[in-house]
Each structure stands twice: as C-alpha cells, then as structure tokens.
Amino acid sequence: MDFRISADDRVGAQTRKTARSRSTAKSGKGRERVEPSLGSSVGFSVADERTGGTPGKPPRGKGPKTPRRGKAQPPKKRRSRSGGLLMGLLWWGFVACLWGGIAVIGVVVYYGAQLPSSESWAIPDRPPNIRILAADGSLISNRGQTGGEAVTYRELPYYVPAAIIASEDRRFMSHFGVDPIGLAAVAVESLQARDITRGASTITQQVAKNLFLTPDQTLGRKVQEAILAVWLEQNYSKEQILELYFNRVYFGSGATGIEAAAQTYFGVSARNLSLGQAAMLAGILPAPSAYNPKANPERAKDRQRLTLNAMAEEGYITREEADAARIDPDQTIRTRVAGSESYVADWVESLMTAYIGELTDDVVVQTTIDWKMQKDAEFIVRELVASEGPNRGFSQGALVAMDVDGTVRAMVGGVDYQASQYNRAVTAKRQPGSTFKPFVYLAALEKGYTPDTLAEDAQFDYNGWSPRNASGKYSGTVTLRQGLAYSLNTIAARLAIDVTPEKVIEVATRMGISSSLTPVPSIALGTQEVNLLELTSAYAPFANGGMGVIPDVITKISSKDGDVLYEASDAGPGRVLDPSVLAQMNDMLETAVEVGTGKGANLGGWEFAGKTGTSQEGKDALFVGYTSAMVTGVWLGNDDATGTKLSGGNVPATIWSQFMTKAHEGREVAPIPGGSYDGQLVAQPVVDPATGQQVIDPTTGQLQVQYVDAGTGQAVQTMTDPATGQMLRMDPATGQFVPAQTISATQSMPAEQMIDPATGLPVGNPTDAWGQPMQAGGMMVGADGTQIDPATGLPMGQVVQDQAIDPVTGYPLQAQSNGVGQAPIDPATGQPMVLVVDPATGQQVWVPSAPAQQQFAPPQPVEQQPQVIYQDPNSQRTLMDLIFGE
C-alpha cells in the first residue's frame, strides 16, 4: 500500500492546515476527518522533562506512543503559572537565605574578632556591699554601688525567679542564649506596627550586656552581645545566669539587685518577698525609672497585673493565686520610706576607708545606734519642725545623742532624707553661738577665776570691736556664774580677751572641737563654725568626770564570712579636765538650765546641765545638754541661713527635753559627776601643822586620813561597820551613823591625789613633781635630791600651780610649800592662809582662808552703763528679773 505525505503533513505546515480547517468550518461543510500519521511531533510533559528527554525525540529505549485508532488524541496539559511562581519564590528564597547566612557569618566573624580572646573572658566581681546594722542587729541600710547584698538563687522563694522569667524571657530555660523564636515574633510585630515594638534580648543577653558591654544601641554591640550570651550558656548553668541577672540588674530609685530593690521599695529582704511584691519588682525591669512604685504607682500596678497573668499562663502559679496577689486598683501602694537612719548609714559609709581601707568584698558593720532612740529622735524632730517651723520661720533640724563615753546612740541629719540627703549633724558647719561659751569660761577657771568672780557687764571697745548683749540690756557687776547662765556677751568677750583667744582654742580643741578655729576675740561669742557632732562630743567631759571622748558609731566590722576586720577599743584622749574645775563648770551649767536661758529644758528626776546658743538673727538655734548618762545636742534653722524667730531656749530645748525624757526611761537616776557633792565624802590626808608632814597612825603604822563633806567642806566623823565593812558617817542632825557615799577618783581628783580609805595610803602610783614614784609616809626625796612635801608631793620650798579647790571657801588653792611644808598663818584668825591668783595681775598671792570676793574687770567699757544693784547674790531669779524685765 502506497502512503503519500501531503504538504500539509509536513513539519511547519500546521498553520495552513489550521487555516483550512477554520475556513471549512465557516463554510458549513461537514466535520473534517483526522487522519492518523506516523512520526508526528508529540509534546513532553514536565515529568518527561525531569527524565532528561529531548523535545521531538522519544525517551531512550522507548518508541513513540501511538494513539488508538479511531480515537482523538487528548489535548496536551499546560504548566500552571502559579506553581511556577511558587517554585521561583522558593528558589530565590533559598538563594537569599544562603547569601544572608553567609553575610551573617561574616558580620559575626567581623565583630567577634573585635572582642578579646575568649580565654580571657571572666565574670567581673560585683561591687562590694556594706550591710549596716543597729546595736540590736536590725538592718539600718545597705550601702555601696549596688545598695544591697547579693543573694543566691536558692535563698529566694520559688516565685521570685519565676516572676522574672515570666516577665522578661519565657523561653529562658530552653534557649541557648539567643531566642530565634522571640526574634521572629518581634520582627513580625515591628513590621506590622512599622516601628520597633519591644526588645528581643534574652536574660542571658542582658547579663552579657551588663557584665561586658556598653549600653550603646548599635549593630556591633548586639552581635557581640549574642556571642557572649552563647558563651555564658556554655559555661554557666541556668540558675547561675539567672542569679547573675537578678543580683546586678537595675530596679530604679538607686537600687541595683533584687535585695536592694526589696529593701528600697518594701523594707524587707528579698528572701521574704511576697508573691505580689515579687511580681511588682519583676514588672519594673523593662523601664525601671518609669515603672517603679515610687515614681509611678499606677504603672507599677499595671505591670504587676501583667506579670501575674504571665506567671499563671506559664503555669508557675494558679489563676486564683494571681488574683489574690494582685493589688486592688483602689489600694495605695505602701513603699518603704527612707528615715533618719539613712543619715547614719551615709556617715558610716564615709568612714569605711579610714577604718579598713579600700573595700574588696562585702562587709557587715555593727553600729552603736539604738534603734528605738533613733526613731524617737526622728519623730520628735520632725513633729516639732512641722508644728513650730511655719510660725517661727525654720524648716530643718538635727540631733545628736551619745553616751557620756562618746558612743553615738541616735543621729538625725534632717527632717526628710528622701527630700534631702545633706547631713546637718555631721557635714554642715554652723555658728554655735553661746553653746561655745563654756570653753571660754573653762579657760578662765583654769587660769584661776571661780564661778563667783565678779565682772562688769557693760559695753566696751577693744581695738574697734564692741560686743553687745542680744537683749540690748546690761547688768553691771555680775558673777561669772550669772554671766554664763544668762549668756551675757560682754562677760564672755572680756574673758576671751583676758585669757587670750589662743587659750580658748586650746581648751576647745582639748575638749573635742576638731574644726579649724581662728584666734580672734569674737570667738567668745561662737562666731566660728563647727558641726553639731563635735560640739556635742565636746560637752561629754562635763558629763563623764573630765575624760575626753572621740565620737564613735562603729563597734565592729566583719567580712561576710565572719572574719573580724575592725573592732572598737576603749582608748581615748584620757583626762582633759581637772576634776576641781569640772565641779565649777557643772555648777555653772546647772545654773544655766535652772534659772538661765536654758530653763525651758526639763528632765524629771534627773540632775542635768547644758547651754543654749543662738546666732545672729536667729539663723542657728541650739541646745546642748547632758546628764550623767547621756549628752544630746539639737540644732534648728534653715539650709540657706535665713533668719528665724528661734532661740536656743525655746524649740531646741523642747526637743531636747522630749527626747532625753524618752531616752532615760528605765535608767537609774545618778548625779552629774563633779556637780553637786552634797553628802559625799572626800578622803584627805591628816597633816601635822607644825611639821607639814602627814600624820602616821601609831596603831597601824599607816598614813592617817580624815573625811570631809564635799558639799560643806567640814570634817565628818566616820566609822566602819564591823558587820559589813561598809563606811558609815555621822548624820549631824541625828547624831546617828548612816552609810557614807565617797567620791571616786574619776569624780573628784586624779588617782595619784586620792587616799585609800582602808589603808590611808595614796591610791595608784603617786609621783613627785619630776614624775618619779613617791614613798608613803616619812620625809621623801625627789629625783634631784630635793625633799618632797608628803602632803602635796611637791618640792619643799617651791610653789607649783595646781587647780585644787578649797572645800571650805570654794576658792582656788595652790599646792604650796613655804620651805617648812606649811602655809603662813593668818595673824587675825590663826588659820593657815591660802595661795590664790590675783586676776588683775596674774600673780600668786597669800590670802586669808576666807578672803574678800575676787573681782574681775578687764578692758574698761567705753560707755559706762548704769549698774543694776542686787541685794542677795544668791537670788539669781531676782537678777534675771532685773535683766530681762520678767
């Protein structure tokens, strides 16, 4: 059979054939018969292409697929355009990811190369913390760069770290330091919002940033943060990383670390946080300055709610527990208020370097602060400033209270620590006014004057300086006791000129004033600035029997492991005030609070003394007073030194009285040492007036002594109770023997001048004028061979000044010898005379044992004021009435 191939059957003739078919259809002729053909071109499917075939050729090993005869070949399937697009996207996405990965690796390598070698990476030490405790062990405060000690993961309730994880990094326990899922979620949120909605750093990344990097928001820093985060995860456990985080993250209000935050906001240890408190602290972390409960309580409540919800969603707590822990929207958040104890903590922190050098580890400081006294002082100062301040024009106050040995028990540096951290008790220096005058009078007494020395209260001019009394009134002739009691400026000024300002400074420094002072006459009026702490401590020798003190607030410093780094000792300056002069000063300062400017102070049942002070225009008002148990100083005024309507005798004296009354509750009443000696006995050696030597008791062979009533100066008959061995004295009113009270060495005179009542021998180790040991009894010889008067311990024939007081007359006695060991006899009375200092000339003179009153009148006044005459020198209230018109 002959087959023929027409031109239409040839390759490329399809167009014409198709055209003809279309024209036939249009002409309405019958359907065209399709003839089968051999070797015609058949298109390949995608599946064929995947086998590697070539268009127009059948796959190798297979012949052409021939359609069945009589049936039309099905139409060829076309490739889906959407499927091709998807494949294209997948392809190019893969390519992009590949190149992106290469780029990321390059960036990581580039910025990673800028980090130091990983072998040198180490967790830096946490700044040391100073844990400050009160005397009873209660926490005063934490100090240092962090404001709180470090706590371990296992010391905290389980919900504290859970709150942090739920709030900051929910996948913390499962990721490797970087959270890809979290990054993706943040990226989607940011794209939708067209802005960065939140950070994507994990807790580990934040630890890496806080420990090693700067807070700069740069690509390089973020890359390095991720590298370090991975390193941390490889070298530390999850608990250790979380512990690093909550001990070093900032919680606002100056608190770094969970312990500091718990103490700052709630006044509790992180170990004792409640669920609600833990959730609130965790909610602070995204924005510490904006979310903390002190700065924004409402936002803090919202953040707490979000954290509790997150904890419930993560299964850390139940929904019921979350609802119970949430603060009621109408409830006020009660956060801890930093009180006056924070002034103490600041002071303690400032002392640390001086005590133990630079800190390298956490320490615990035990202080002397009495917590109850501290809070009492804070309350009283705050209340009086609030109630009296608006009317009297002052806004600040300070208080320092210490035991008589210098142990600080309470300190208030201001009325509101949160408003002002400036410590007005330690840091501020202000004019002390008349509270400085006792040091001027003390210098005068040491020169030889007595409380009954007379002086002229009148205006005078000294090299252009003319001091005036604050009242503008002048009293004429007054005693020094009255001059101090009523704060007469002219008397203090005359004394300072007479004893010299240099001597005043020497006395003030010896007593405890440490500020630099300039020797000018106006120092007598308290015009040079000191701080309240040193001023209060300078009064302590008046209260403790004449011993200098160094104010101290620290008893012990220990490491966190308990090793003692410092412990206070009892060492101090020693005796700074002669007991005889002390007795006179206490007598004068008692008068000041009994009838003088300090009479507004009161302390039921206790003997006390003190002095008021008011600077010009009432810029500073002070009262410093003491008992035998405690010394307290009070200052009131304004930080800008504006004038007030205050004086030391009104509000400061009131604050002093209220505080001291509380501070002395439960204490046994005791007199001021050297103040009133009524009924107390002083042992004195019995001296033979003919020879000047001490009398030897023939029955015992010991030196014979007698006892003198320190209040009256009269000899007292004594005996020893055979049953108890207690010394008894005869009561002159009844003639009966009663228990006697003797004055100890610290209350009356140095030990080397005391006689042991039991033996009649000198107490301690008496020495001669050259400091050599003396023998008891008989004629004694000094180191240079000079005979020693056994009654005085001084060279025979030599007068050496001493400040002993004649108990009969109250006038200064000189330790004397006239070559035969006795004083000259007054021919008028037949009594031994005494050696005193003439205040006008400064020379030593012998006077009768009952001399006329001394009178002191240095520089004469330029303008003589009318003198106020008073009839009864002992009627001091009458004098006050005349001075102040009361």
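The structure displayed is predicted, hence computed values, not measured ones.

**Considering the overall build of the protein chain**
What the protein chain contains, in helices and strands, is 24 helices and 26 strands. Counting the 886 residues in the protein chain, one finds 45% classified as buried. Counting every atom, the protein chain has about 44700 Å² of accessible surface; 52% of that belongs to carbon and sulfur.

**Some thoughts on the packing of aromatic side chains**
A complete count under the given rule lists twelve aromatic pairs for this structure. Summarising the aromatic geometry, the rings of F439 and Y539 are spaced 6.0 Å apart at their centres and angled 75 degrees between planes, so their arrangement reads as edge-to-face. With F439 in helix α16 (residues 437–447) and Y539 in helix α20 (residues 532–544), the pair connects residues that are 100 residues apart, well separated along the chain. The buried category is assigned to F439, whose relative accessible area is 0%. A relative accessible area of 0% means that Y539 is categorised as buried.

**Things to note about the packing of helix α6 (residues 203–212) against helix α8 (residues 238–248)**
Interhelical geometry of α6 versus α8 gives an angle of 55 degrees and a closest axis separation of 9 Å. With respect to each other, α6 and α8 are oriented oblique. Every pair of crossing elements has a handedness; the one defined by α6 and α8 is left-handed. Along the contact surface, α6 presents I203, T204, Q206, V207 and L211, while α8 presents I241, L242, L244, Y245 and R248. A breakdown of the residues in the contact of α6 with α8 according to their chemical character gives seven nonpolar, two polar and one charged.

**Digging into the sheet that holds strand β3 (residues 363–367)**
Across the sheet, five strands lie side by side as β2-β1-β3-β9-β10; this open sheet has mixed pairing. Each edge of the sheet is formed by a strand with only one pairing partner; in this case those strands are β2 (139–144) and β10 (564–567). In this sheet, adjacent strand axes meet at a mean angle of 15 degrees when their direction is disregarded. Where β3 lies against strand β9 (residues 554–559), five bridges are found, and the strand directions are antiparallel.

**Comments concerning the pattern of salt bridges**
Side-chain pairs of opposite charge can arise whenever the charged atoms involved come near each other. Evaluated as defined, the whole model comprises 28 salt bridges. In this structure, K372 engages D376 in a salt bridge whose closest nitrogen and oxygen atoms are separated by 2.8 Å. You can see K372 and its partner D376 sitting in helix α15 (residues 371–392), four residues apart, about one turn around the helix. Judged by its relative accessible area of 49%, K372 falls in the partly exposed class. The class for D376 is buried, based on a relative accessible area of 16%. Across the pair R510 and E506 runs a salt bridge, and its minimum N-O distance is 3.1 Å. Pair noted here: R510 and E506 are both in helix α19 (residues 501–511), with a separation of four residues, about one helical turn. Where salt bridges share partners, they join R131, E149, E155, E259 and R271 into one cluster.

**Quick word on the nonpolar core**
One finds F439, F542 and M585 to be the most contacted residues of the largest nonpolar core, which totals 79 residues. A total of eight residues in this core trace back to one element, the largest contributor, which is α20. Among residues more than four places away in sequence, those in contact with M585 are P438, Y441, L442, L445, L484 and F542. Formed by 52 residues, the second largest nonpolar core is a distinct cluster that contains V151, Y159, A270 and L275.

**Some thoughts on the environment of N247**
Along the chain, the position of N247 falls in helix α8. C-alpha separation for the pair N247 and A261, spaced 14 residues apart in sequence, amounts to 9.9 Å.

**Concerning the confidence of the model for the protein chain**
Mean pLDDT over the protein chain stands at 76; residues scoring 70 or higher make up 65%. Highest mean pLDDT in the protein chain belongs to strand β14 (residues 630–637) (98); lowest belongs to helix α23 (residues 745–748) (30). Here residues 1–7 scores under 50 on pLDDT; set against residues more than four positions off or in separate chains, the count is three contacts. Considering only residues more than four positions removed or in separate chains, one finds that residues 743–822, a stretch of pLDDT under 50, has 193 contacts.

**Some thoughts on the pairing of strand β5 (residues 408–412)**
Burial analysis of β5 places four of its five residues in the buried class, the great majority of the element. Of the pairings in the sheet, the one linking strand β4 (residues 396–403) to β5 comprises four bridges and is antiparallel in character. Residue pairing for β5: V400 is matched across the bridge by M411. Between β4 and β5, which pair antiparallel in sequence order, lie four residues; one of them, G406, sits at a positive phi of approximately 95 degrees.

**Some details on the environment of V344**
Of note, V344 is situated in helix α14 (residues 341–356). Given a relative accessible area of 1%, V344 falls into the buried group. When the C-alpha atoms of V344 and V408 are compared, they prove to be 10.0 Å apart, with 64 residues separating the residues in sequence.

**Things to note about helix α9 (residues 258–266)**
With nine of its nine residues buried, α9 lies for the most part within the structure. For α9, the complete set of buried residues consists of I258, E259, A260, A261, A262, Q263, T264, Y265 and F266.

**A look at the side chain of T435**
Within the secondary structure, T435 is located in the loop between β5 and α16. Judged by its relative accessible area of 0%, T435 falls in the buried class. Of the polar contacts made by the side chain of T435, one reaches the backbone oxygen of P432; its length is 2.5 Å. Dropping the residues within four chain positions of it, T435 is found in contact with L535, Y539, K611, T612, G613, L622 and V624.

**Details of unusual backbone geometry**
The backbone of S253 sits at a positive phi, close to 55 degrees, despite the residue not being glycine. Overall, S253 belongs to the partly exposed group, its relative accessible area being 39%. Phi is positive for N463, close to 50 degrees, though the residue is something other than glycine. You can see N463 is positioned in the loop between β6 (454–457) and β7 (476–479). The exposed category is assigned to N463, whose relative accessible area is 72%.

**Focus: the packing of α15 against helix α22 (residues 651–663)**
Helix packing for two helices is described by the angle between their axes and how far apart those axes are. With their axes 10 Å apart at the nearest point, α15 and α22 run at an angle of 160 degrees to one another. Classed by the angle they form, the pair α15 and α22 counts as roughly antiparallel. Note on packing geometry: the crossing formed by α15 with α22 is right-handed. For the pair α15 and α22, contact is made by M373, D376, A377, I380, V381, L384, E388 and R392 and by V651, T654, I655, Q658, F659, K662 and A663, respectively. Partitioning the contact of α15 with α22 into residue classes produces nine nonpolar, two polar and four charged.

**Some remarks on the sheet that holds strand β18 (residues 718–720)**
Overall, antiparallel pairing links the three strands, which are arranged β18-β19-β20 in an open sheet. Two strands close off the open sheet at either side, each with one partner strand: β18 and β20 (737–739). On average, adjacent strands in this sheet sit at an angle of 40 degrees to one another, irrespective of strand direction. Bridge count between strand β19 (residues 727–730) and β20: three bridges; the pairing is antiparallel. Bridge assignment links L728 to a residue of β20, and that residue is P739.

**Some details on helix α4 (residues 159–168)**
Counting buried positions over the ten residues of α4 gives nine, a clear majority of the element. Within α4 the residues assigned to the buried category are Y159, V160, P161, A162, A163, I164, I165, A166 and E168. The secondary structure elements touched by the buried residues of α4 are α6, α8, α9, α10 (275–284) and α12 (297–313).

**Section: the side chain of E149**
Relative to the helices and strands, E149 is located in the loop between β2 and α4. In this structure the side chain of E149 is engaged in a polar contact, spanning 2.9 Å, whose partner is the side chain of R131. Excluding residues within four positions of it along the chain, E149 makes contact with R126, N129, R131, N142, N247, E259, R271 and D362.

What counts, and where the lines are drawn
- Residues numbered from 1 in each chain as written.
- Predicted model: local features only at pLDDT ≥ 70, side-chain atom pairs only at ≥ 80, totals over all residues.
- Heavy atoms only, no water.
- Helix = DSSP H or I, 4+ residues; strand = E, 2+ residues; numbered from the N terminus.
- Buried < 20%, exposed > 50% of the residue type's maximum accessible area, 1.4 Å probe, protein only.
- Areas by Shrake-Rupley, 256 points an atom, 1.4 Å probe, with all protein chains shown as cover.
- Phe/Tyr/Trp six-rings, centres within 6.5 Å; stacked < 30°, edge-to-face > 60°.
- Axes fitted to C-alpha atoms, helices over the stretch in contact; angles between N-to-C directions.
- Parallel < 35°, antiparallel > 145°, perpendicular 65-115°, else oblique.
- Left-handed = near helix turned anticlockwise from the far one by under 90°.
- Contact = heavy atoms within 4.5 Å.
- Nonpolar A, V, L, I, M, F, W, Y, C, P; charged D, E, K, R; others polar.
- Pairing = 2+ DSSP bridges.
- Salt bridge = Lys/Arg side-chain N within 4 Å of Asp/Glu carboxyl O.
- Core = buried A, V, L, I, M, F, W, Y, C linked by side-chain atoms within 4.5 Å.
- pLDDT = per-residue confidence, 0-100.
- Polar contact = N/O pair within 3.5 Å; in protein donor to acceptor, adjacent residues only side chain to side chain.

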